[in-house]
Amino acid sequence: TARAALARYPWAAVLQVAITDRAGRVWLHQDTQNSKRSSLWAGNLLGPDDPVEVVTTTVDTLIPTMLRYPDWIKVDAQGAEGGIVAGATRTLDEGRATWCVELWEPGLQAAGSDSETVLRAFQSRGYRPFTPERFASGVPSHWLDVFSAAAREKGHSSSDFLFTPPPQDGMT
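Residues numbered from 1 in each chain as written. Predicted model: local features only at pLDDT ≥ 70, side-chain atom pairs only at ≥ 80, totals over all residues. Heavy atoms only, no water.

Draft legend 1. Spotlight on the nonpolar core. Counting 28 residues, the largest nonpolar core has Trp99, Phe122 and Phe163 as its most contacted members. Broken down by element, this core gets its largest block of residues, four residues, from helix H6 (residues 115–123). Excluding residues within four positions of it along the chain, Trp99 makes contact with Val59, Ile73, Val75, Ala88, Thr91, Leu92, Phe122, Tyr127, Phe161, Leu162 and Phe163. (Core = buried A, V, L, I, M, F, W, Y, C linked by side-chain atoms within 4.5 Å. Buried < 20%, exposed > 50% of the residue type's maximum accessible area, 1.4 Å probe, protein only. Helix = DSSP H or I, 4+ residues; strand = E, 2+ residues; numbered from the N terminus. Contact = heavy atoms within 4.5 Å.)

Put into structure tokens, the structure is as follows:
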């Protein structure tokens, strides 16, 4: 499991929390044919669902409760990425964490968002976007061109992006 794999890294934590743009309660739709798939939108699942009501919070509410400010935030939320980013304005403005975000356009649209809105939330705050391939070589990619090209590829359903925080005072 992820928790067992992370045991070697005592500073890492996997949090099972429902995060969106506001605190409250929502229905989480769990795919009955694949226990690893769930979404806030039933239409984002491939199989029949078994909804369960869950409590939600925001990134901005969760982070102050943590023992340590995160260096890395991973978001793979089956279309809820737009809401997660909308609930992280203070965290994004602080610009301290690197984010890894999977963008799946059909899921985002089902949730009332789109990839361009999510990408612009990072870009407008000075975050530098990379695809994992480009991140490894240290060469930045133009985020919208990369996403558009990936979205046009036959059978390609999502794109992963790394967003590095803007340089802090005097750092490049």
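What follows continues from the structure just given.
Draft legend 2. Representation of the sheet that holds strand E4 (residues 49–57) within the structure. Read from one edge of the open sheet, four strands run E1-E4-E2-E3, paired in mixed fashion. Single-partner strands in this sheet number two, and they are strand E1 (18–19) and strand E3 (38–39). (Pairing = 2+ DSSP bridges.)

Draft legend 3. Region of interest: the sheet that holds strand E5 (residues 72–75). An order of E5-E6-E8-E7 is seen for the four strands of this open sheet, with the pairing classed as mixed. Edge positions in the sheet fall to E5 and strand E7 (128–130), since each has one partner strand and no second. In this sheet, adjacent strand axes meet at a mean angle of 20° when their direction is disregarded. Sitting on the sheet, H6 is in contact with strand E6 (98–103) and strand E8 (159–164), with an inclination near 170° to E6. (Axes fitted to C-alpha atoms, helices over the stretch in contact; angles between N-to-C directions.)

Draft legend 4. Spatial organisation of the confidence of the model for the protein. A residue-level look at the protein finds 80% of positions with pLDDT of 70 or above and a mean pLDDT of 81. Predicted confidence is poor over residues 151–156, with pLDDT under 50, and the contacts of this stretch with residues over four places away or in other chains come to two contacts. (pLDDT = per-residue confidence, 0-100.)

Draft legend 5. Representation of the packing of aromatic side chains in the model. By the definition in use, this model includes four aromatic pairs. Here the aromatic rings of Phe122 and Tyr127 are separated by 5.4 Å at their centres, their planes lie at 85°, and the arrangement is edge-to-face. Of the two residues, Phe122 and Tyr127, neither departs from the other in class, the shared state being buried. Seen in terms of ring centroids, Phe122 and Phe163 are 4.0 Å apart; in terms of plane orientation they differ by 10°. Their pairing is stacked. Taken together, the positions of Phe122 in helix H6 and Phe163 in strand E8 put the pair 41 residues apart, joining distant regions of the chain. Under the relative-accessibility criterion, Phe122 is labelled buried at 0%. Cluster of aromatic residues (ring-pair linked, three or more members): Trp99, Phe122, Tyr127, Phe161 and Phe163. (Phe/Tyr/Trp six-rings, centres within 6.5 Å; stacked < 30°, edge-to-face > 60°.)

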